[in-house]
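Tertiary structure, described
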Amino acid sequence: MAWDPKTYLNFGAERTRPAAELLARIALHAPARVVDLGCGPGNSTALLAARWPSADLEGVDSSPEMLEEAKRSGVKARWSEADIAKWNPGASYDVIFSNATFQWLPDHKTLLPHLMSHVAESGVFAFQVPRNFDEPCHTLIHDVVKNGPWAAKLKGVRDWWNVLEPDAYFGILENVARAVDIWETTYVQVLEGEDAVFRWMSGTGLRPFANALEGAEREAFLAEYRSRVAAAYPRRESGATLYPFRRLFCVARR
Ligand SMILES: C[S@@+](CC[C@H](N)C(=O)[O-])C[C@H]1O[C@@H](n2cnc3c(N)ncnc32)[C@H](O)[C@@H]1O
C-alpha cells in the first residue's frame, strides 16, 4: 500500500500537533535511546530530535516512500524499514514513541505489551491514535463503497477498526506499567481551501480504497466520496472548513 508523503504533508501542521502534545507529557530529561514507530516523513521524529538532541534516535516505518522523504528531511536519526507488527529489536529503549500509526496495526492486545517489553526500566511508551472512525469522513467511505458498482472489488478493504476504547488500553497496560496516563482531545480543525476534508482523507484513510481501483472507476468512486464528504463538512463563507477530529493519547511509564 503506497503512501504519498506530499499529500500526507499537505496538512503537516495539523498532523504533527498531536505528536507535540504527546511529547509534552513525557517527563524524561535525557533519554539515551529513542525510537519513533511509524515515523512517516520524519515530521514526528523531528520533534524528538529537537527535544533530545543527544539521544540515539531511530525512525522505523514500513513505507519506502515515507522513509525516502524522512531521509531528505535532514532530521538527525537512523531510519529503518520494518513492519511494526514483526518488529523485534535486540535492545531496549528509554522512549518508544508512535504518533498516528497504530490504527493501521491489528491486535493491540498483543502488540502493546510486546512493545512495552522493549521499554527500559523507568522508560516511557507513548502513542497517539485517531478515534474518529465513526465520524462521517470514515462512515461515508463505507456508504460509497457499499452502494456503488465497485462494491465487490472493495469488499474487505479496510472494513476493520483496530483502535480500542480508553479503558481497554488502560486494562492492557496497567499490569505492565508503573503508571498510565490516558486522555482524549477533539481538535476542531480549521482547514482552508476547497474539498479540504477530501484532501485530508486522500492522504490517509481513503488511500487503501483508491489504490484498489483504477482509471474511470477510481475517478467515479473518488468523485462520489468527494461530493458526499463536502456536504457533511460544509465550507463556511470565510472559506474555512471545520473538521472535528478526536484522538486518544497514552503515556505508559515502565
Ligand atoms: C499517519 S502516518 C504517521 C506519520 C508520523 N508519525 C506523524 O506523526 O505524522 C502513519 C505511518 O505509519 C506507517 N505504518 C503503517 N503501518 C505500519 C506497519 N505495520 N509498520 C511500520 N509502519 C507502518 C505508514 O507507512 C505511515 O508512514
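Residues numbered from 1 in each chain as written. Predicted model: local features only at pLDDT ≥ 70, side-chain atom pairs only at ≥ 80, totals over all residues.

Backbone hydrogen bonds are what pair the strands of a sheet, in a parallel or an antiparallel way. Here 7 strands make up an open sheet; going across it, the order is β3-β2-β1-β4-β5-β7-β6 and the pairing mixed. Two strands close off the open sheet at either side, each with one partner strand: β3 (78-81) and β6 (179-192). Each strand axis lies, on average, 15 degrees off the axis of its neighbour in the sheet, ignoring direction. Sheet topology note: the strand β1 (residues 33-37)/strand β4 (residues 93-99) ladder contains 3 bridges and is parallel. (Pairing = 2+ DSSP bridges. Helix = DSSP H or I, 4+ residues; strand = E, 2+ residues; numbered from the N terminus. Axes fitted to C-alpha atoms, helices over the stretch in contact; angles between N-to-C directions.)

Before going further, it helps to spend a moment on the packing of helix α6 (residues 136-146) against helix α11 (residues 215-232). Close contact between α6 and α11 brings their axes to 10 Å; oriented N to C, the two are set at 140 degrees. Put simply, α6 runs oblique to α11. When the axes of α6 and α11 are compared, the crossing they make is right-handed. Residues P136, C137, L140, I141 and V144 of α6 touch α11, and the partners they reach there are F221, E224, Y225, R228, V229 and A232. Residue composition of the contact of α6 with α11, by class: 9 nonpolar, no polar and 2 charged. (Parallel < 35°, antiparallel > 145°, perpendicular 65-115°, else oblique. Left-handed = near helix turned anticlockwise from the far one by under 90°. Contact = placed C-beta atoms within 7 Å. Nonpolar A, V, L, I, M, F, W, Y, C, P; charged D, E, K, R; others polar.)

For the rest of this paragraph, the subject is α6. What α6 keeps buried is the set C137, L140, I141, V144 and V145. Seen along its axis, α6 keeps its buried residues to an arc of 140 degrees; they face one direction. Buried positions along α6 lie against α7 (151-154), α9 (196-202), α10 (207-211) and α11. (Buried ≥ 20, exposed ≤ 12 C-beta atoms within 10 Å, placed from the backbone. Arc of directions from axis to C-beta.)

Here the focus is α11. For an α-helix, 3.6 residues make a turn, and residues three or four places apart therefore share a direction. End to end, α11 covers 26 Å across 18 residues, agreeing with the expected 26 Å (1.5 Å per residue, within 8%). Inspection of α11 places F221, Y225 and V229 among the buried residues, and these make up the whole buried set. Taken down its axis, α11 places every buried residue within 55 degrees of arc, on the same side. Across α11 from its buried face, at more than 90 degrees, point the exposed residues G215, A216, E219, A223 and A231. Looking at the buried positions of α11, the neighbouring elements they touch are α6, α9 and α10. (Expected span 1.5 Å × (residues − 1).)

Interpretation note: all reported values are geometric properties and have no functional meaning in isolation.
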